[in-house]
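Next come the chains, spelled out residue by residue.
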There are 2 protein chains.
Amino acid sequence: MVSPAELRSAGKREAIIDAARSVFLAGGFAGASVDEVAALASTSKRTVYGLFGDKKGLFTAVITADIEAAEHHSHDSVEALVASQDLATDLRAFARRHVVAVIQPHIMRLRRLIIGEAERFPDLASAWYANGPGRGHDTLTRVFTALAGRGLLRADDPALAAQHFNWLILSIPLNQAMFHMGDDLTPAELEHHADEGTRVFLAAYGVRRPGGAART
Amino acid sequence: MVSPAELRSAGKREAIIDAARSVFLAGGFAGASVDEVAALASTSKRTVYGLFGDKKGLFTAVITADIEAAEHHSHDSVEALVASQDLATDLRAFARRHVVAVIQPHIMRLRRLIIGEAERFPDLASAWYANGPGRGHDTLTRVFTALAGRGLLRADDPALAAQHFNWLILSIPLNQAMFHMGDDLTPAELEHHADEGTRVFLAAYGVRRPGGAART
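All values reported here derive from a predicted model rather than from experimental measurement.

1. Side note on the overall build of chain A
- A count of helical and extended segments in chain A gives ten helices and zero strands.
- Reading chain A from its N terminus to its C terminus gives the helix and strand order α-α-α-α-α-α-α-α-α-α.
- The dimensions of chain A, computed from C-alpha atoms along their principal axes, are 65 × 45 × 30 Å.
- When burial is assessed residue by residue, chain A has 40% of its 216 residues classed as buried.

2. Focus: the nonpolar core
- Among the nonpolar cores identified, the biggest contains 120 residues, and Val37(A) and Val37(B) are the most heavily contacted of them.
- Contact partners of Val37(B), with chain neighbours within four places excluded, come to Ile16(B), Ala19(B), Ala20(B), Val23(B), Val48(B) and Leu58(B).

3. Thoughts on the relation of the copies chain B and chain A
- Overlaying chain B on chain A yields an RMSD of 0.0 Å, the required transformation being a rotation through 180° with an accompanying axial translation of 0.0 Å. The two molecules are tied by a two-fold rotation axis, judged by turn and shift. When C-alpha positions in chain B are compared against the rotation axis, the closest is assigned to Gly116(B), at 1.9 Å.
- An overlap of 100% is found between the interface residues of chain B and their copies at the interface of chain A, pointing to a shared contact surface.

4. Some details on the interface of chain B and chain A
- Tallying the contact residues gives 27 residues for chain B and 27 residues for chain A.
- Residue assignment for the side of chain B that touches chain A shows that the elements contributing at least two residues are helix H6 (105–116), helix H7 (122–131), helix H9 (158–178) and helix H10 (187–205) of chain B.
- When the residues that make up the side of chain B that touches chain A are grouped by side-chain class, the tally is 17 nonpolar, five polar and five charged.

5. Some details on the packing of helix H5 (residues 87–102) of chain A against helix H10 (residues 187–205) of chain A
Residue and element names in this part refer to chain A.
- Packing of H5 against H10 brings their axes to within 8 Å, and their N-to-C directions diverge by 135°. What the angle tells us is that H5 and H10 run oblique. Crossing handedness for the pair H5 and H10: right-handed. Within the contact between the two elements, H5 uses Ala88, Leu91, Arg92, Ala95, Arg96, Val99 and Val100 and H10 uses Leu190, Glu191, His193, Ala194, Asp195, Gly197, Thr198 and Leu202.
- A per-class count over the contact of H5 with H10 returns eight nonpolar, three polar and four charged.

6. What about the environment of Val23(A)?
All names here are of chain A.
- When you line up the elements, Val23 lands in helix H1 (residues 4–31).
- Taking the C-alpha atoms as reference points, Val23 and His180, separated by 157 residues in sequence, lie 19 Å from one another.
- When near neighbours in sequence (up to four residues on either side) are disregarded, Val23 contacts Ala32, Glu36, Val37 and Leu40.

7. Observations concerning the packing of helix H4 (residues 55–82) of chain A against helix H8 (residues 133–149) of chain A
Residue and element names in this part refer to chain A.
- Where H4 contacts H8, the two axes come as close as 9 Å, and the packing angle between them is 15°. By the angle between their axes, H4 is roughly parallel relative to H8. Regarding H4 and H8, the two cross each other, and that crossing is left-handed. When H4 is examined against H8, the residues Glu71, Val78, Leu81 and Val82 are found in contact with a partner set consisting of Gly136, Thr139, Leu140, Val143, Ala146 and Leu147.

8. Quick notes on the environment of Met108(B)
Residues and elements named next belong to chain B.
- Assignment of secondary structure puts Met108 in helix H6.
- For Met108, a count of 20 C-beta atoms within 10 Å translates into the label buried.
- Measuring from C-alpha to C-alpha, the distance between Met108 and His180 comes to 8.5 Å, with 72 residues separating the pair along the chain.

9. Concerning the domain arrangement of chain A
Residues and elements named next belong to chain A.
- Domain annotation for chain A reports domain 1 (1–53) and domain 2 (63–208).
- Across the boundary between the two partners, domain 1 contributes six residues, which contact seven residues of domain 2.
- Its residues placed into classes, the side of domain 1 that touches domain 2 shows five nonpolar, one polar and no charged.

Basis of the calculations
Residues numbered from 1 in each chain as written. Chains lettered and ligands numbered in written order. Predicted model: local features only at pLDDT ≥ 70, side-chain atom pairs only at ≥ 80, totals over all residues. Helix = DSSP H or I, 4+ residues; strand = E, 2+ residues; numbered from the N terminus. Buried ≥ 20, exposed ≤ 12 C-beta atoms within 10 Å, placed from the backbone. Core = buried A, V, L, I, M, F, W, Y, C linked by C-beta atoms within 7 Å. Contact = placed C-beta atoms within 7 Å. Least-squares fit on C-alpha atoms with pLDDT ≥ 70 in both. Nonpolar A, V, L, I, M, F, W, Y, C, P; charged D, E, K, R; others polar. Axes fitted to C-alpha atoms, helices over the stretch in contact; angles between N-to-C directions. Parallel < 35°, antiparallel > 145°, perpendicular 65-115°, else oblique. Left-handed = near helix turned anticlockwise from the far one by under 90°. Domains from an automatic or database assignment.

Following this line, the structure appears as structure tokens:
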């Protein structure tokens, strides 16, 4: 059982992360102060340092929390792929969930911030990559390896196939969002990118069945 | 004939753009001052304002100059595509030139800077997009429309096909570079991404010939 003290501590942690996200997004990493975060979360600087170590630890906690929430969104559909009986349908379903999970305004703002700071703070960029795109890529590589083993994908290099799939789905909306021009894509537009990206991916990596079902 | 005065003026313009690039990349857009640029270019602030209007005009001139230089690199090979007699070979050749032109360290630094500032200075992001990716996309759409007209591509939506091609070639190295982790890709690695991206693209959009030549 979770004790009341543990519950309070988890709530405090979450409040600090929410405050930190606002402060970082408003002023960038260099411009943000732990004082400001503590004040916004109605707590003491000492508590913030106690829970997160330093400003970098705090930023990494924001990254990790946001990426976990985004991954949670598509976790079930990526796991279902391994045992898929209808790959074209299941891959499209995963693609649709994946693009919606990634192209969220606060994730896109965080990504812009990290890219802008990547030269000055390479640790933050590495933390983002390791927790987000890198982990997602590892999962997808594992899934595609299994699917190739089942004879459902033709992928000599499953890691490359995973990258191609990921970017066929995400690149168009993601790069629009990087220039602050794609945050307002409609769900129908995101779905279209997911479907068309899946179609191109399966044309290259799918296994054609009699009648060419894998190409549709 | 170009007069000595015009030559001097072109040289001055170039020196100011070079100085501005250094100053912007070192301190970001907001942190840069026209004074600093003028001093580094050994000219007066008045000359800078006379030639470029204001700080935004100066930044836009840097963007335009760098993108023009990058586009120049792949211009001939994209134009050759329209009349191609061997699309797989010519598309691969263009892809190789395109990825090398885009994934240059100073272009990647500029792109990171613009993404980081896209919320505060949406004009700069729009200028980058219009002069760079947007223009490249228009050119490629025109080329793919012509190739579809010649029966060499199956592309109902040539604008989407152009986006898919572009991102299949660029996404992997570009997104590594955004997190400051891919500036050091070797020419052989870039070539591999160009070749594999072209292969996937042609599997989806190519016209298969007897013997399956378009898939190799």
